[in-house]
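Structural description and commentary
Residue strings, one per chain:
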Amino acid sequence: MEINFEKSPDGLIPAVVQDHETGKVLMLGYMNEESLAKTEAEKVVTFFSRSKQRLWTKGETSGNFLHVKAILADCDQDTILIKAQPVGSTCHTGADTCFFEKNEGKASFLNYLQKQIIRDRKNNPSESSYTSKLFKKGVNKIAQKVGEEAVELVIEAKDTNDDLFKGEAADLLFHYLILLEQRGMDLDDIVEVLKERHK
């Protein structure tokens with residue numbers, strides 16, 4: 001990746017930060033060569049603050065860092081796109097983004113469900129948790145539940161009750177995520193397979 005910092009009289013170029021999972025634009029900052037090098041080396045977004053006239057790592061005081069997943073240059077080599085994983089809210093106002101959008105996509109909830117909720121039920125079992133009890137029974141029982149839910153979904157697909165169909169689809173998806181977790185895989189791993197097939 002090459003950036004032409006000389007295009008700007010002050011050596012600063014815009015850097016757009018986007019959530020790598022939801023695609024939401026989180027903020028815009030400015031980078032010089034030094035801040036870009038630091039960002040690339042440490043994998044945490046660092047800007048050049050025009051008001052402070054120094055390097056500024058996003059989250060250095062709040063703890064709301066932006067962990068770098070990818071850095072791209074635009075076609076003119078004078079703007080950067082950073083795909084990042086935010087920790088907490090991005091805006092200093094407490095908003096998810098500096099554009100006052102909620103940083104969530106409906107599909108991203110699936111990652112949250114697996115990585116936060118289901119994983120917690122596996123690693124911190126509770127006697128009152130259905131999910132914890134299912135993990136305790138092992139992979140065979142979990143796989144059986146996925147099969148049962150798939151059959152129930154097929155049956156509902158033949159009828160015209162949309163609410164029942166959606167309920168069974170949600171049950172199947174939930175148990176599928178449990179099975180993935182039991183096998184030590186993320187939903188992201190399966191998405192990558194689909195992406196490869198799509199090529």
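Residues numbered from 1 in each chain as written. Predicted model: local features only at pLDDT ≥ 70, side-chain atom pairs only at ≥ 80, totals over all residues. Heavy atoms only, no water.

Quick look at the pairing of strand β1 (residues 13-19)
Buried residues dominate β1, accounting for 5 of its 7 residues. Sheet topology places β1 next to strand β2 (residues 25-31); 6 bridges connect them, and they run antiparallel. Considered in β2, the bridge of I13 is made with M31. Sheet topology places β1 next to strand β6 (residues 80-86); 5 bridges connect them, and they run parallel. Each bridged residue has a counterpart across the sheet, and for V17 the counterpart in β6 is I82. (Buried < 20%, exposed > 50% of the residue type's maximum accessible area, 1.4 Å probe, protein only. Helix = DSSP H or I, 4+ residues; strand = E, 2+ residues; numbered from the N terminus. Pairing = 2+ DSSP bridges.)

Notes on the sheet that holds β1
Read from one edge of the open sheet, 4 strands run β2-β1-β6-β5, paired in mixed fashion. The sheet is open, and its two edges are formed by β2 and β5 (66-73), each paired on a single side. Here the strands of the sheet are splayed against their neighbours by 25° on average, with no regard to which way each runs. (Axes fitted to C-alpha atoms, helices over the stretch in contact; angles between N-to-C directions.)

Observations regarding the packing of helix α4 (residues 139-157) against helix α5 (residues 162-182)
Interhelical geometry of α4 versus α5 gives an angle of 160° and a closest axis separation of 9 Å. Relative to α5, α4 is oriented roughly antiparallel. Judged by the twist between their axes, the crossing of α4 over α5 is left-handed. Taken together, the residues of α5 that come into contact with α4 (itself represented by V139, I142, A143, K145, V146, E149, A150, E152, L153, E156 and A157) are L164, F165, E168, A169, D171, L172, H175, Y176, I178, L179 and Q182. Its residues assigned to classes, the contact of α4 with α5 comprises 14 nonpolar, 2 polar and 6 charged. (Parallel < 35°, antiparallel > 145°, perpendicular 65-115°, else oblique. Left-handed = near helix turned anticlockwise from the far one by under 90°. Contact = heavy atoms within 4.5 Å. Nonpolar A, V, L, I, M, F, W, Y, C, P; charged D, E, K, R; others polar.)

So, the environment of Y30
With respect to the helices, strands and loops of the structure, Y30 is situated in strand β2. Taking relative accessible area as the criterion, Y30 reaches 25% and is therefore assigned partly exposed. A sequence separation of 118 residues divides Y30 from E148, and the C-alpha atoms of the two residues are 53 Å apart. Those residues in contact with Y30 that lie beyond four places of it in its chain are L12, I13, P14, S35, F47, F48 and R50.

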